[in-house]
Amino acid sequence: ATAVTVVVAGVEQGIFLAMALSVVEHLYHTYRPYDTILSLTPDGHIRYSPATAPVEAAPGLVVYRFGATLYYANASRFTEEAFALFENADPHLRWLCLAAGAVGDVDYTGAEAIRQLHGELTRSGVALLACDLSPHVRSQFDAYGLTALLGADNLLDDLHAAVERCSGAAG
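All values derive from a computational prediction rather than experimental measurement. The residue numbers shown here count from 1 along each chain, following its written sequence. pLDDT decides what is reported in this predicted model: residues at 70 or higher carry local features, side-chain atom pairs at 80 or more are listed and counted, and totals for whole chains, interfaces and linings draw on all residues regardless. Derived side-chain values reflect all non-hydrogen atoms in the structure, with water molecules and hydrogen atoms excluded from consideration.

### Let's talk about a nonpolar patch on the surface
Formally: To count toward a patch, a residue needs a relative accessible area above 30% and no salt bridge. Like charges then connect within 9 Å, nonpolar side chains (Val, Leu, Ile, Met, Phe, Trp, Tyr) within 5 Å. To measure how exposed things are, a 1.4 Å probe is used in the Shrake-Rupley method; for residues, cover is taken only from the protein chains shown. A pair is scored as a salt bridge if a Lys or Arg side-chain nitrogen falls within 4 Å of a carboxyl oxygen belonging to Asp or Glu. Helix and strand labels come from DSSP, where a helix needs a run of H or I of at least four residues and a strand needs a run of E of at least two; each type is numbered from the N terminus. Exposed residues in this analysis have more than 50% of their type's maximum accessible area, buried residues have under 20%, and partly exposed residues fall in between, with area computed by a 1.4 Å probe over protein chains only.
There is a patch of nonpolar side chains on the surface, built from Val6, Val11, Ile15, Phe16 and Met19 and spanning about 470 Å² of accessible area. No other element matches helix 2 (residues 11–31), which puts four residues into the nonpolar patch. With respect to the secondary-structure elements, Val11 resides in helix 2. On the basis of relative accessible area, Val11 is assigned to the exposed category, the value being 53%.

What follows is the structure in structure tokens.
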């Protein structure tokens, strides 16, 4: 489309179209991120599964990888997917872990979504964990009070640490 615009209308118009299409594509990907469920293969490699059904990474543990910045435009999608994973889990979950490696930023609405999820899970006897937080996102968790809410010991380094923690607690 931009090449045709350059040929037909000119270079400036092609550049403007390319910028506009890039912004639209970026917004689409952050509004509808590619979310997955993480688990481990028998040889310890990470397996990515669609976020449509809970696949346990360890008995009672589902690890949900949200695929974009968590902000006002996708916070409701985050809570809907996370609640669906919790509600559709069979057997019942003991832990739901947010794998935040793709989360580059959390705004106030995103933090409220995490609070809401934590509240619902806690009422159902499920612990909310988080892993793979960048230093920037960890500082946002601290600033929004999420570290205190979840408990610093529930913020884990990576998927392997989450599986090890929950596997040890399952026994």
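### Remarks on the packing of aromatic side chains
We describe a pair of aromatic rings using the distance from one ring centre to the other and the angle between the two ring planes. How we decide: Note on aromatic contacts: the rings of Phe and Tyr and the six-membered ring of Trp form a pair at centre separations within 6.5 Å, being stacked when their planes are under 30 degrees apart, edge-to-face when over 60 apart, and tilted otherwise.
Overall, the coordinates contain five aromatic pairs when judged by the stated rule. An angle of 90° between the planes, with centres 5.4 Å apart, marks the rings of Phe66 and Phe78 as edge-to-face. Taken together, the residues Phe66 in the loop between strand 4 (61–65) and helix 3 (75–88) and Phe78 in helix 3 connect sequence positions twelve residues apart. Each member of the pair, Phe66 as well as Phe78, carries the same accessibility label: buried. Ring centres 6.4 Å apart and planes at 65° place the aromatic pair Tyr108 and Tyr144 in the edge-to-face group. You can see Tyr108 sitting in helix 4 (residues 108–123) and its partner Tyr144 sitting in the loop between helix 5 (135–143) and helix 6 (146–150), a full 36 residues away along the chain. Given the relative accessible area of 51%, Tyr108 is considered exposed. Classification of Tyr144 as partly exposed rests on a relative accessible area of 26%. Put simply, the rings of Tyr64, Phe66 and Phe78 pair up and form one aromatic cluster.

### A closer look at the pattern of salt bridges
In the structure shown here, the tally under the stated rule is five salt bridges. For Arg77, the salt bridge is made with Glu81, and the minimal N-O distance between the two is 3.3 Å. Of the two residues, Arg77 and Glu81 are both situated in helix 3; the distance of four residues between them amounts to about one turn of the helix. With a shortest N-O distance of 2.7 Å, Arg115 and Glu112 are connected by a salt bridge. Taken as a pair, Arg115 and Glu112 lie in helix 4 at a separation of three residues, close to a single helical turn. Among the charged side chains, a network of salt bridges with common partners joins Asp35, Arg77 and Glu81.

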